[in-house]
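# Structural overview
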Amino acid sequence: MVATHLSSLATTVLLLLHLVIPSHAAPIASPSTSPPSVIPPVAVGGAPTTTNIPLPPIFRSMGGFSPYAKNSKGYGIEDVLLPDNCVVDQVTSLMRHGMRFASTGTGKGIQATFDRIGNSTYQVHDPNLDVLKGHVYGLPVELLTDWGRRDLYDAGKMFADRYDGLLKHQTTGTSKVLLRTTDQERMHDSALAFAYGSLGVDQEDKTRWVVVPDASPTFNTTLAVGTCPVLNMIVEFSQSRPPSHLRDLSFPHHPSAIPKADTLGIFTLLNNVIPSAWATHYLTPIATRLNAGLNNLTLTPTDVSNIMSSCPFETAAHNHVSPTCGLFTEEEWEGYSYYQDLQQYVGSGYGGPLGRAWGVGWVNELTARLKGEQVRDRTSTNSTLDHDDLTFPLTDAVYLDFAHDTQFNSILATLGLVHDPSSVMTADRPTPDPTRLWKTPNMASMGGRLWVERIVCSPSPPNNTTTNTNTTIVPVSTAPGKCPSATTKTKTTTAATTKSEMGSLTGGTYVRLVLNEAVLPLDGLAGCEGEGSEAGMCRLDGFVEAQRFAAEGGDWRNCYATDLTVWQQEQK
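As the structure is a prediction and not an experimental result, all values here were calculated from the model. (Residues numbered from 1 in each chain as written. Predicted model: local features only at pLDDT ≥ 70, side-chain atom pairs only at ≥ 80, totals over all residues. Heavy atoms only, no water.)

A word on the overall build of the protein chain. When helices and strands are counted, the protein chain shows 17 helices and 15 strands. Counting all 572 residues of the protein chain, 57% fall into the buried class. Put simply, 79% of the contacts in the protein chain that link residues at least 6 apart link residues at least 24 apart. In the structure as shown, the protein chain presents an accessible area of about 22,200 Å², 54% of it carried by carbon and sulfur atoms. (Helix = DSSP H or I, 4+ residues; strand = E, 2+ residues; numbered from the N terminus. Buried < 20%, exposed > 50% of the residue type's maximum accessible area, 1.4 Å probe, protein only. Contact = heavy atoms within 4.5 Å. Areas by Shrake-Rupley, 256 points an atom, 1.4 Å probe, with all protein chains shown as cover.)

On to the environment of Val230. Examined against the element boundaries, Val230 turns out to sit in helix α5 (residues 229-239). Through-space distance from the C-alpha of Val230 to that of Asp563 is 9.9 Å; in sequence the pair is 333 residues apart.

This part takes up the nonpolar core. Membership of the largest hydrophobic core comes to 87 residues, with the highest contact counts inside it found for Met308, Phe313, Phe328, Leu415, Leu450, Leu513 and Phe543. Here the element with the most residues in this core is helix α8 (residues 276-291); it accounts for seven residues. Among the nonpolar cores identified, the runner-up in size contains 39 residues, and Leu82, Tyr153, Ala160 and Ile455 belong to it. (Core = buried A, V, L, I, M, F, W, Y, C linked by side-chain atoms within 4.5 Å.)

Glancing now at the side chain of Arg208. Along the chain, Arg208 turns up in strand β5 (residues 207-212). No salt bridge is formed by the buried Arg208; the nearest opposite charge belongs to Asp396, separated by 4.1 Å. Engagement of the side chain of Arg208 in a polar contact is seen with the backbone oxygen of Leu390, the distance being 2.7 Å. (Lys, Arg positive; Asp, Glu negative; His and termini not counted. Salt bridge = Lys/Arg side-chain N within 4 Å of Asp/Glu carboxyl O. Polar contact = N/O pair within 3.5 Å; in protein donor to acceptor, adjacent residues only side chain to side chain.)

Right, let's get into the state of the cysteines. According to the stated counting rule, one finds four disulfides in the structure shown. Note that Cys228 is cross-linked by a disulfide to Cys559, the S-S spacing being 2.1 Å. Across the S-S bond of Cys228 and Cys559 the torsion is about -105°, and the bridge reads as left-handed. Here Cys559 lies in the loop between α16 (548-551) and α17 (565-571) and Cys228 lies in the loop between β5 and α5, a separation of 331 residues in the sequence. (Disulfide = S-S within 2.5 Å.)

An ideal rise of 1.5 Å per residue puts 16 Å on twelve residues; helix α11 (residues 360-371) measures up with 17 Å between its terminal C-alpha atoms. Most of α11 is tucked away, with eleven of its twelve residues classed as buried. Among the residues making up α11, those that are buried are Val360, Gly361, Trp362, Val363, Asn364, Glu365, Leu366, Thr367, Ala368, Arg369 and Leu370. Taken from the residues just after α11, Gly372 is the one with a positive phi, measuring 70°. (Expected span 1.5 Å × (residues − 1).)

In contact at an axis separation of 8 Å, α8 and helix α9 (residues 301-318) are set at 90° when each is read in the N-to-C sense. The pairing of α8 with α9 is recorded here as roughly perpendicular in orientation. Contact with α8, carried on its side by Tyr282, Leu283, Thr284, Ile286, Ala287 and Leu290, involves Pro301, Val304, Ser305 and Met308 of α9 and no other residues of that element. (Axes fitted to C-alpha atoms, helices over the stretch in contact; angles between N-to-C directions. Parallel < 35°, antiparallel > 145°, perpendicular 65-115°, else oblique.)

Even without glycine at this site, Glu142 takes up a positive phi of about 75°. Here Glu142 lies in the loop between β3 (123-124) and α2 (146-162). Not every positive phi belongs to a glycine, and Asn516 is a case in point at roughly 50°. For Asn516, the location among the structural elements is in the loop between β13 (508-515) and β14 (518-519).

Another point: the environment of Leu522. Relative to the assigned elements, Leu522 resides in the loop between β14 and β15 (537-539). Measuring from C-alpha to C-alpha, the distance between Leu522 and Glu534 comes to 8.9 Å, with twelve residues separating the pair along the chain. If we skip the residues at most four places from it in the chain, Leu522 touches Leu417, Val511, Leu513, Cys528, Gly536, Met537, Cys538 and Phe543.

With eleven of eleven residues buried, strand β2 (residues 86-96) is to be regarded as a mostly interior element. Relative to strand β8 (residues 449-457), β2 runs antiparallel, the two being bridged by nine bridges. Bridge assignment links Thr92 to a residue of β8, and that residue is Val452. Bridge analysis of β2 against strand β7 (residues 398-403) gives six bridges, and the strand direction is parallel. In the strand pairing of β7, Val91 is matched with Val398. (Pairing = 2+ DSSP bridges.)

Moving on, we come to α2. The terminal C-alpha atoms of α2, which comprises 17 residues, lie 25 Å apart, in line with the 24 Å expected from a rise of 1.5 Å per residue. Counting buried positions along α2 yields twelve of 17 residues, so the element is predominantly enclosed. Burial in α2 covers these residues: Trp147, Gly148, Arg149, Arg150, Asp151, Leu152, Tyr153, Ala155, Gly156, Phe159, Ala160 and Arg162.

Taken as a whole, this structure holds 23 salt bridges when the rule is applied. With a closest N to O distance of 2.9 Å, Asp146 and Arg149 form a salt bridge. Here Asp146 pairs with Arg149, and both are found in helix α2, just three residues apart, close to one helical turn. Since its relative accessible area comes to 3%, Arg149 is described here as buried. Its salt-bridge partner being Asp151, residue Arg449 comes within 4.0 Å of it at the nearest N-O pair. Separated by 298 residues along the polypeptide, Arg449 in strand β8 and Asp151 in helix α2 bring together distant segments of the chain. For Arg449, a relative accessible area of 2% puts it in the buried group. Overlapping salt bridges, with partners in common, bring together Asp79, Arg162, Glu453 and Arg512 in one network.

Laid out in structure tokens, this is it:
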């Protein structure tokens, strides 16, 4: 494997390997000689110079554009202590990049709406709409914001607080923490900010980076899949339409794209499955309400969507709540968020033919790490990287991966988690179901994070009591070469409770998943219904067996489908 020291910021392995699809063997091309451009994420010493402002509740209703916030409601499982006989000996972190500026398409749509408003001569009858007068958007696109850098630095601090012992163990002597990300600027900068937060100013001496091409059609990677031919055709098909966040209302397709797409049933799929009906349902009344306060200016549903989208991006850019945020009610923001939920549910979740294809490779990498065995996969994994101890070790205590929201959501769906019945996730309803699990702000918000813990339990001691600390576990380091142990914080009570009340576990290895600081229930997975399930734990062998769907390729076959409408028929 070709590796090169690229900068003083990190020891980066930038591996540009040209792989065939699917990747079973791969020739090695020459590596790049320089890392992606790096924007300094923080001030001297690695710490942010400012803090992000507190945000009102509506910012939990902005879909995938929501800034990160703890999922305080959780899933009914309290994240407290482990039994005394159990320790966390491995953690895999999967994170979405931090708060970015709008994507190119969304940014152009927002800019076009405000340009049209600014070039119009109109009167305002509703004083609440005065914020539209002279409003200038003018933000860059795609890049990580300072807000995102601060958030990822804080995420690194949080990770270090929870897994301090594992990090210390992993960075003992010449050992380093493996960090995988892509060469997209916001991805690289997010990873760098997290590294500063979790490992300190000398993070460059403690990390080993693997930086892969972002969504390349000729490079297999599980962090930003670009090697799915049908997916690439859908992206090309979508981009043939004028860029707009609300791209599913009218479908003004480029004529040449329609026959090409129809050969796979993509045109039918997008029109029938992507929830344009919900966009019409929730946006049209908002446009009517706003237009009642305007004269000589008519806002379209697309304009409304663009104005709403400006709220999170302007807030992050300026570190104060954008005046456009207050134009909409909490109920209207719920509709906006649900639209993004539906888009992700179809595009990278249970509701579409490729939703459980993107994440298959990463799930197979996860089970390989948990078992300490070589990756077995024939989808998006890179066989060259995954069979090299330098780029895919199997005995580390800490793994850090960074990905995009589509990848993140697909991984959750491929794992079989946050699964709602199709009757819940539908556009054919007056309001969103508030009890639904598939909520993108709780899953893959900007800076969203999934921490997968491997927990080893020794045989229980003879007595049947333990001290209730009511705190989360804090790992501590051990001697090199031995498994790190975990202990609890010293704040204790004198009351003793039975271990059954504390979720006592017999000897063995378990898995627990923490999504945005909320423990995920695993008892919905076949094989995870038994001991420890009330604490969100599953025996490792049961968890691995529950991932048979991914082990058998998941829906990756749909990447090579000749007619995607067949998938729709199979779901009925």
